[in-house]
Amino acid sequence: MADEVPKTSEMVKIDHAPPSTGWMDTPVVIRKGIYSYPAKKPTLDYLSMPFGREWSPLDADWKLPPNWLDILLEGMRERIDRFRSFRLFMDICVRCGACADKCHYFIGTGDPKNMPVLRAELLRSVYRKEFTLAGKLMGKMVGARQMTAEVLKEWWYYFFQCSECRRCSVFCPYGIDTAEITIIGRELLNLLGLNIDWIAQPAANCFRTGNHLGIQPHAFKDMLDFFVDDTENITGVRVNPTYNRKGAEILFVTPSGDVFADPGTYTAMGYLILFHYLESLGFDVTWSTYASEGGNFGFFTSHEMMKRLNAKMYAEAKRLKVKWILGGECGHMWRVIHQYMDTMNGPADHLETPVSPITGTRFTNAATTKMVHITEFTADLIRNGKLKLDKSRNDNLNVTFHDSCNPARGMGLLDEPRYVIQNVCNTFHEMPESTIREQTFCCGSGSGLNAGENLELRFRGGMPRANAVKHVHEKHGVNMLACVCAIDRAVLPPLMDYWVPGVGVTGVHELVGNALILPGEKKRTTDLRGEDLPGVEEED
Amino acid sequence: MNVWASLILSLIAIGAVATVGAVAGAAVQFFDLSAAAWLFGVVIPYLAFVTFIAGFIYRVTTWARSPVPFGIPTVCGQAKSLPWIKQSRLESPFTKLEVVARMALEILCFRSLFRNTRMTFKGGRPLYGPNQWLWVIALAFHYTFLVIVIRHMRFFTEPIPGVLKLLEALDGFLQIGAPYVLISGFVMAGAATFLLLRRLAFANIRYISLPNDYFPLFLILTIAGTGILMRHVFKVDIVAVKAMMMGIVTFHPVAPMDIGMLFYIHLFCVCVLIAYFPWSKLMHMGGVFLSPTRNLPNNTRAVRHENPWNYPVKVHTYEEYEEEFREKMIEAGLPVEKEAAEEE
Ligand code: HEM
Ligand code: SF4
Ligand code: SF4
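Everything numeric in this text was worked out from a predicted model, so none of it was measured.

Quick notes on the rules
Residues numbered from 1 in each chain as written. Chains lettered and ligands numbered in written order. Predicted model: local features only at pLDDT ≥ 70, side-chain atom pairs only at ≥ 80, totals over all residues. Heavy atoms only, no water. Helix = DSSP H or I, 4+ residues; strand = E, 2+ residues; numbered from the N terminus. Rg over C-alpha atoms; globule rule 2.2 N^0.38 Å. Buried < 20%, exposed > 50% of the residue type's maximum accessible area, 1.4 Å probe, protein only. Near = heavy atom within 4 Å. Nonpolar A, V, L, I, M, F, W, Y, C, P; charged D, E, K, R; others polar. Domains from an automatic or database assignment. Contact = heavy atoms within 4.5 Å. Buried area = accessible area lost by both parts, 1.4 Å probe. Donors = N, O, S within 2.8 Å, 3.2 Å for Na, K, Ca; no water. Tetrahedral: all angles 85-135°; square planar, octahedral: opposite > 155°, others 65-115°. Pairing = 2+ DSSP bridges. Axes fitted to C-alpha atoms, helices over the stretch in contact; angles between N-to-C directions. Parallel < 35°, antiparallel > 145°, perpendicular 65-115°, else oblique. Phe/Tyr/Trp six-rings, centres within 6.5 Å; stacked < 30°, edge-to-face > 60°. Salt bridge = Lys/Arg side-chain N within 4 Å of Asp/Glu carboxyl O. Polar contact = N/O pair within 3.5 Å; in protein donor to acceptor, adjacent residues only side chain to side chain. Patch = residues over 30% accessible without salt bridge, like charges linked within 9 Å, V, L, I, M, F, W, Y side chains within 5 Å. Areas by Shrake-Rupley, 256 points an atom, 1.4 Å probe, with all protein chains shown as cover. Expected span 1.5 Å × (residues − 1).

Thoughts on the overall build of chain A
Assigned secondary structure in chain A consists of 24 helices and 7 strands. Expected size for 540 residues packed as a compact globule is a radius of gyration near 24 Å; at 24 Å, chain A falls within 12% of this value. Considered along the principal axes of its C-alpha atoms, chain A spans approximately 75 × 50 × 40 Å. Put simply, chain A has 540 residues, and 69% of those count as buried.

Comments concerning the site of ligand 2
In the region of ligand 2, the neighbouring residues are Cys93(A), Val94(A), Arg95(A), Cys96(A), Gly97(A), Ala98(A), Cys99(A), Val117(A), Cys172(A), Pro173(A), Tyr174(A) and Ile176(A). Per-class residue counts for the shell around ligand 2 are 10 nonpolar, 1 polar and 1 charged.

A look at the domain arrangement of chain A
All names here are of chain A. Here chain A is described as being made up of domain 1 (2–30 + 50–194) and domain 2 (202–539). Computed from C-alpha atoms alone, the centre-to-centre distance between domain 1 and domain 2 is 32 Å. In this assembly, 31 residues from domain 1 lie in contact with 32 residues from domain 2. In total, about 2700 Å² of surface goes out of reach between domain 1 and domain 2, with carbon and sulfur atoms giving 63% of it.

Points about the coordination of the iron atom of ligand 1
Residues and elements named next belong to chain B. Bound to the iron atom of ligand 1 on the protein side are His142 (NE2) and His284 (NE2), at distances that span 1.9 to 2.1 Å. The coordination sphere of the iron atom of ligand 1 comprises 6 donor atoms, whose angles at the metal cover 86 to 179 degrees; the geometry is octahedral. Of this pair, His142 sits in helix α5 (residues 133–151) while His284 sits in helix α12 (residues 284–287); the two residues are 142 residues apart in sequence, bridging distant segments of the chain. Judged by its relative accessible area of 14%, His284 falls in the buried class.

Points about the site of ligand 3
Residue and element names in this part refer to chain A. Ligand 3 sits among 13 residues. The nearest are Cys103, Cys162, Cys165, Arg166 and Cys168. Of all the secondary structure elements, the ones that give two or more residues to the shell around ligand 3 are α5 (104–109), α6 (116–131) and α10 (178–190). Among the residues making up the shell around ligand 3, the classes are represented as 7 nonpolar, 3 polar and 3 charged.

Structural notes on the sheet that holds strand β2 (residues 285–287) of chain A
All names here are of chain A. With parallel pairing, the 4 strands of this open sheet are ordered in space as β2-β1-β3-β4. Single-partner strands in this sheet number two, and they are β2 and β4 (371–373). In this sheet, neighbouring strand axes are inclined to one another by 30 degrees on average, regardless of whether the strands run parallel or antiparallel. Inspection of the sheet shows strand β3 (residues 324–327) paired to β4 by 3 bridges, in the parallel sense. Counterpart to Ile325 in the pairing with β4 is Met371. Strands β1 (250–253), β3 and β4 of the sheet are contacted by helix α16 (residues 331–345), whose axis makes an angle of about 145 degrees with β4.

A short note on the packing of helix α3 (residues 68–82) of chain A against helix α4 (residues 84–91) of chain A
Residue and element names in this part refer to chain A. At their nearest, the axes of α3 and α4 sit 5 Å apart, and the two run at 100 degrees to each other. Overall, the two elements α3 and α4 adopt an arrangement that is roughly perpendicular. Only Arg84, Phe86 and Arg87 of α4 make contact with α3, whose side of the interface consists of Met76, Arg79, Ile80, Asp81 and Arg82. Grouping the amino acids of the contact of α3 with α4 by side-chain chemistry returns 3 nonpolar, no polar and 5 charged.

Details of the packing of α3(A) against α6(A)
Residue and element names in this part refer to chain A. Two elements in contact, α3 and α6, have axes separated by 11 Å at closest approach and are oriented at 90 degrees. Here α6 runs roughly perpendicular to α3, going by the angle between their axes. Between α3, through Leu73, Met76, Arg77 and Ile80, and α6, the contact on the second element is made entirely by Leu123, Val126, Tyr127, Glu130 and Phe131. Of the residues belonging to the contact of α3 with α6, the class tally is 7 nonpolar, no polar and 2 charged.

Remarks on the packing of aromatic side chains
Residues and elements named next belong to chain A. Scanning the entire structure with this criterion turns up 44 aromatic pairs over all chains. Between Trp55 and Trp62, the aromatic rings sit 4.7 Å apart at their centres with planes inclined by 45 degrees, giving tilted as the arrangement. Taken as a pair, Trp55 and Trp62 share a single burial class, namely buried. On the numbers, 6.1 Å between centres and 50 degrees between planes, the contact of Trp155 with Phe159 is tilted. One end of the pair, Trp155, and the other, Phe159, are both in helix α8 (residues 149–159), 4 residues apart, so they sit about a helical turn from each other.

Looking at the interface of chain B and chain A
Listed per partner, the contact involves 89 residues of chain B and 121 residues of chain A. For the pair chain B and chain A, the summed buried area comes to about 9100 Å², and 58% of that belongs to carbon and sulfur atoms. By the criterion of area lost to chain A, the three top residues of chain B are Trp84(B), Tyr207(B) and Arg301(B), representing 11% of everything that side buries. Across the chain B-chain A interface, the total number found is 8 salt bridges. With a closest N to O distance of 2.7 Å, Glu337(B) and Lys246(A) form a salt bridge. Taken together, the connections running from chain B to chain A amount to 68 residue pairs in polar contact (both at pLDDT 80 or more). With 6 residues, the top contributor of residues to the side of chain B that touches chain A is helix α13 (residues 318–331) of chain B. Classifying every residue of the side of chain B that touches chain A by side-chain character gives 46 nonpolar, 24 polar and 19 charged.

Things to note about the sheet that holds strand β7 (residues 504–507) of chain A
Residues and elements named next belong to chain A. One open sheet accounts for 3 strands, arranged β5-β6-β7; its pairing is parallel. Here the strands that pair on one side only, and so sit at the sheet edges, are β5 (399–401) and β7. Mean inter-strand twist for the sheet, computed between neighbouring axes without regard to direction, equals 35 degrees. Pairing geometry for β5 and strand β6 (residues 480–483), over 3 bridges, is parallel. What sits directly across from Phe401, in β6, is Ala482. Helix-sheet contacts for helix α23 (residues 508–515) involve β5, β6 and β7, and the interaxial angle to β7 is about 80 degrees.

Considerations on a nonpolar patch on the surface
Residue and element names in this part refer to chain B. On the surface, Leu108, Tyr143, Leu146, Val149, Ile150 and Met153 cluster together to form a nonpolar patch covering roughly 490 Å² of accessible area. Ranked by residues supplied to the nonpolar patch, first place goes to α5 with 4 residues. In this structure, Leu146 sits in helix α5.

Digging into the pairing of strand β2 (residues 125–130) of chain B
All names here are of chain B. Pairing between strand β1 (residues 117–122) and β2: 6 bridges, direction antiparallel. Each bridged residue has a counterpart across the sheet, and for Lys122 the counterpart in β2 is Arg125. Connecting the antiparallel pair β1 and β2 is a turn made up of 2 residues, with Gly123 showing a positive phi of about 55 degrees.

Things to note about the side chain of Thr182(A)
Topologically, Thr182(A) is positioned in helix α10. Discounting chain neighbours no more than four positions away, the residues touching Thr182(A) are Arg119(A), Phe159(A), Cys162(A) and Glu164(A).

Remarks on α5(B)
Between the first and last C-alpha of α5(B) there are 26 Å, a value that for 19 residues agrees with the 27 Å anticipated at 1.5 Å per step. Of all the residues in α5(B), the buried ones are Leu134(B), Trp135(B), Ile137(B), Ala138(B), Leu139(B), Phe141(B), Thr144(B), Ile148(B) and Arg151(B).

Rendered as structure tokens:
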């Protein structure tokens, strides 16, 4: 697949100047490498989503239901009445263009319809025509246009070229969030069966098996058992996670990517090591196979689907009678937990305000949702001197930190992961200011765009992030990109290989697992990846 | 629509507006048509004002009545978390007071626009430089706009409040001949010209611009231009203007007088602007206060945000899950609710 992607030297030939034809008069051209494959009928059927069918984005005829326009307009009307965000963002944009060059997809593709303002105008133009008097009377004069099948194609193409990262929203003088418009746009597309496979399939898997990868309960346990063996080989200590255990104090939920795909698996080993270390200090945690997914591809489908998938967390916490929930490193999982979960599926009165059993710290910032981010939890442990750490075991790494969009702009989790990293690693360098924290650049593959067939889009969208990494790689010799997101751990390695070879990708708790000194452990000769620790070779 | 079409259309529109005003002025001036004077000096201002107030209230209440189902602030700084981690109180407000402070910064100082950067693409790599001049011009534009609106209050008040006189004194910097030269008018006209040139000069901004992005700028420039002309070049009878305006605000309209063509153009353009206001993008003035990404606290894990239309959804329960996988779970030694044997 990778060989279909243009060479870097071709890829950087980006023209940011718009074409000579106005955007309403420039027909959409759906290009291979940019779009993702459509959702399949059985998947949509399984999720009781309408209009599953065989269709191709490259065909002229998308086999839309005959009354598609009515469905769509009715869907719009409903959402205008339900979401102030949608109504307001449709109304108040002044087209000042402050957001235009903030989108990584615009920077990477030069396609003007990837400027957040134009992405929103694709939908706004129809809103004006159908729902405002001025639009009805004056049409194009006020930027209104008729909804047609061609416009629908444009929506589909460009709403699946937005990773809902919210960077544009940071810069907009009114906070207009194009992610919000994309979310609603995708909801509308889903009314017509127009999802993409890479979102619908994981959502269906998650619904059925509890996780996106469709790992069944026994296989989930097998995977973790495998890490238990690996951990023992490396540390000499056998950890013993428990599953679906009633009466545990804490339920741990992490994205299934950590259990299944490198390098996320090393992060999972980090969790196991940390939990084992804490066990003798009174930490009582269980994993669940039913709620074995923190991530939520429902979020990329519709608010309703998000709620359907997210419901498992509280349901499982209730069934297992735990006191609170600890969440692993994941991006959009945390946006859902932080900004949606309690509202959708709460109140979680069966849980208690989280208290760290080790330090006694009450996480009052999670008083109602009752779920704590693992970097908050670990930062508190370190701050209270509860962890014995050997930083030098990460001395082969020169680390920088990628703020994932959702923890950054969706919750403000900025300093906790940095604090943890700086306590487990000796060398750390920040990327330039305009590319981190609230201004962070997306990995280019968020919101379900991490498929294989759209690799060119991913590498283009990931270019601004990669470029900032390249800067610190060249300037400071950075060789490891740390992050707190499972999608990042899956998509940044190929992105780095493409733009900045020589930089690896790690979760924060992999670094913790390397540094944490377990009681009774043997002298470690390798890190969690099985690579020799610094200084080991010379000793031999 | 391309830039020429947009420009021509909005120029035609503004031309038509100005012509109507001019014809009205001419009618009063040369033909002594008091019907025209009543229409343009009394009836249309009333109608425009009513449209503005009713429209503004309608738009704002429509937004305000729409539910905010989720707490979705765009967080622009460190959240309130562990006590020893420094919260960015203005960029990630937790309390109502902090939200008010964030909103005040947005509305009074255009905080987000101040963040602006500019991407340049050189040698195959993007660079991000600071870019605050839109912020400077926007601030200059809005504040002078505000000053001018307030200054016009002297036509509607008797006696003129001291603050207005003070404002005027601050605003004027030189006295050339009789009236002070007031800076605000020139600054606003200059800033509006800049906004217009910016729209035309940058290819991408030009590309996203619609006729209704140019129209309000032309309208404001016409108003500012005629205003400046009336003050400094073709002086109008201020006493007559004041009498006319006082008549309007006290609901005892007096027969409008011949104040000149410029005045009627100015007045008619203002009427068009305020009548147009509620139905256009200028409503960002009201909307910015209601923006859910800015006016909500980032405390959604600590305080529950209610969704008024939250409805039950179809979920996949644990029981359904165990039903499907029970055999495999038992085999793998995972605890189950119901033993397989009980089933049979
Ligand atoms: C409170 C926060 C506000 C912000 C951040 C803001 C921001 C902006 C910006 C960035 C523009 C430039 C548009 C362009 O490039 O053409 C603009 C234009 C404008 N704003 Fe505001 N504005 C605010 C409030 C107001 C208020 C209170 C008024 C009241 C009259 C107002 C009236 C206008 C007008 C008349 C224009 C020019 C028309 C145009 O460019 O089309 N704004 N505003
Ligand atoms: S920054 Fe906001 S107001 Fe300006 S063009 Fe973008 S969305 Fe519209
Ligand atoms: S949310 Fe992110 S991806 Fe979407 S338009 Fe805004 S900047 Fe681009």
